[in-house]
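# Coordinate inspection notes
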Amino acid sequence: MDDASVARFYDQLAADYHLIYGDWDGAVVRQGKALDAVIRSALGAEPVTVLDCACGIGTQAVGLALQGHRVTGTDISPVAAERAGREAARHGLEMTTRDADMRSLPFEDAAFDVVVCADNALPHLLTAEDQATALGEMRRVLRRDGLLLVSTRPYDGIRQSHPASTTPQSHGRGRDRTVSFQLWDWHEDGERYDLELFQLIPDGDDWRVEVRRTAYWALTSQQLEGFVTGAGFDRTAWLPPEDSGFFQPLLTARVR
């Protein structure tokens with residue numbers, strides 16, 4: 001799985017990404033509020049500068065901008081990043097978005113108070129070298145004592161069970177209902193897996209089936225925390241969803 005294939009996955013998915021959620025607009029608000037609470041608890045009550053370095057179509061970036069933060073969004077997919085900008089405008093927000101690889105961020109040193117890399121984006125990097133490079137870039141663009149927020153799937157449990165699929169999720173109702181589900185094909189190492197995302201989209205009296213493919217490294221909490229501290233962060237802490245209100249386990253860390 002190369003860089004171009006990850007970008008292609010999200011280029012192809014960008015127009016339909018919101019269909020993964022039962023209520024994408026509601027998820028934007030909920031996730032923004034959850035991340036905002038973590039940020040203000042760590043850095044104080046005032047709005048801050050935030051880089052979402054895997055912004056996709058803006059789920060977390062728009063949510064944080066709605067909470068008053070000054071947000072910049074980048075993504076390896078130019079199509080997704082462009083949609084994030086349109087979604088921000090739809091909400092009456094000014095938010096800069098552009099395509100960029102998280103391993104080579106196009107910003108000056110110490111440019112942001114917070115860097116967000118959420119929704120299982122970091123596990124797209126399948127080697128230790130790429131993990132170290134990306135996290136090093138996140139550290140570089142953070143100010144002294146800046147805050148890093150990373151979320152992934154709950155891989156500690158997933159690595160024990162190695163599921164082959166996910167539960168179907170629906171969006172909409174009746175004849176407008178879309179169904180999304182994933183098939184996972186685990187590699188021999190038991191850590192990485194190829195993913196096929198199926199979306200059944202209504203097309204008149206029939207269904208149109210879209211299939212997009214990508215790959216992930218199912219990093220345990222210990223593995224991810226090791227990469228984060230190795231990149232120059234400390235004061236790491238894991239916040240489970242029941243504590244943070246965010247839908248995935250959330251790793252917080254500060255620039256050393």
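Below or above, wherever it landed, is the structure these notes cover.

### Description of the packing of aromatic side chains
Taken as a whole and judged by the stated rule, the model has 11 aromatic pairs. Look at Trp184 and Tyr193: their rings are 4.3 Å apart centre to centre, the planes differ by 20 degrees, and that puts the pair in the stacked class. With centroids separated by 5.0 Å and ring planes inclined at 55 degrees, the aromatic side chains of Phe246 and Phe247 adopt a geometry described as tilted. Feature note: the residues Tyr155, Trp184, Trp186, Tyr193 and Tyr216 constitute an aromatic cluster, connected by ring pairs. Sitting over the face of the ring of Trp24, Arg83 holds its NZ or CZ atom 5.8 Å from the ring centroid. The ring of Trp217 carries Arg192 above its face, with NZ or CZ at 4.0 Å from the centroid.

### Side note on the state of the cysteines
Scanning the model with the defined rule gives 0 disulfides in all. With no disulfide of its own, Cys53 lies closest to Cys117 among cysteine sulfurs, the gap being 4.1 Å. With a relative accessible area of 2%, Cys53 lands in the buried category. Judged by its relative accessible area of 0%, Cys117 falls in the buried class.

### Some thoughts on the sheet that holds strand 1 (residues 49-52)
Across the sheet, 7 strands lie side by side as 3-2-1-4-5-11-10; this open sheet has mixed pairing. The strands lining the two open edges of the sheet, one partner per strand, are strand 3 (96-99) and strand 10 (233-239). Here the strands of the sheet are splayed against their neighbours by 20 degrees on average, with no regard to which way each runs. In this fold helix 4 (residues 78-90) packs onto strand 2 (70-75) and strand 3, with an angle of close to 170 degrees to the strand it touches most, strand 3.

### Some points on the pairing of strand 2
Remark: a regular strand shows side chains that alternate across the two faces of the sheet. Among the 6 residues of strand 2, 5 are classified as buried, and the element is accordingly described as predominantly covered. In this structure, strand 1 lies alongside strand 2, joined through 4 bridges in parallel fashion. Paired with Asp52 across the strands is Gly73, a residue of strand 2. As for the winding sense of the linkage, the β-α-β connection from strand 1 through helix 3 (residues 59-66) to strand 2 is right-handed. Examined bridge by bridge, strand 2 and strand 3 share 4 bridges and lie parallel to one another.

### Brief notes about the packing of helix 2 (residues 24-43) against helix 3
The packing of two helices is summarised by the inter-axis angle and the distance between the axes. Following both chains from N to C, one finds helix 2 and helix 3 inclined at 65 degrees, their axes separated by 7 Å at the closest point. Of the two elements, helix 2 crosses helix 3, and the hand of that crossing is right-handed. Seen from helix 2, the contacting residues are Trp24, Val28, Val29, Gln31, Gly32, Leu35, Asp36 and Ile39; seen from helix 3, they are Thr59, Gln60, Val62, Gly63, Leu64 and Leu66. Residues of the contact of helix 2 with helix 3, tallied by class, amount to 8 nonpolar, 5 polar and 1 charged.

### Let's talk about the sheet that holds strand 8 (residues 192-203)
On the basis of which strands lie adjacent, the open sheet formed by 4 strands has the order 6-7-8-9 and antiparallel pairing. Across the chains shown, the open sheet's two edge strands, defined by having one partner strand only, are strand 6 (169-171) and strand 9 (206-217). Each strand axis lies, on average, 20 degrees off the axis of its neighbour in the sheet, ignoring direction. As paired strands, strand 7 (residues 178-186) and strand 8 are joined by 8 bridges and run antiparallel to one another. Its bridge partner being in strand 8, Val179 is matched across the sheet by Leu200.

Cut-offs and rules
Residues numbered from 1 in each chain as written. Predicted model: local features only at pLDDT ≥ 70, side-chain atom pairs only at ≥ 80, totals over all residues. Heavy atoms only, no water. Phe/Tyr/Trp six-rings, centres within 6.5 Å; stacked < 30°, edge-to-face > 60°. Lys NZ or Arg CZ within 6 Å of the ring centre and 35° of its normal. Disulfide = S-S within 2.5 Å. Buried < 20%, exposed > 50% of the residue type's maximum accessible area, 1.4 Å probe, protein only. Pairing = 2+ DSSP bridges. Helix = DSSP H or I, 4+ residues; strand = E, 2+ residues; numbered from the N terminus. Axes fitted to C-alpha atoms, helices over the stretch in contact; angles between N-to-C directions. Contact = heavy atoms within 4.5 Å. Right-handed = clockwise from strand over helix to strand, strands pointing away. Left-handed = near helix turned anticlockwise from the far one by under 90°. Nonpolar A, V, L, I, M, F, W, Y, C, P; charged D, E, K, R; others polar.

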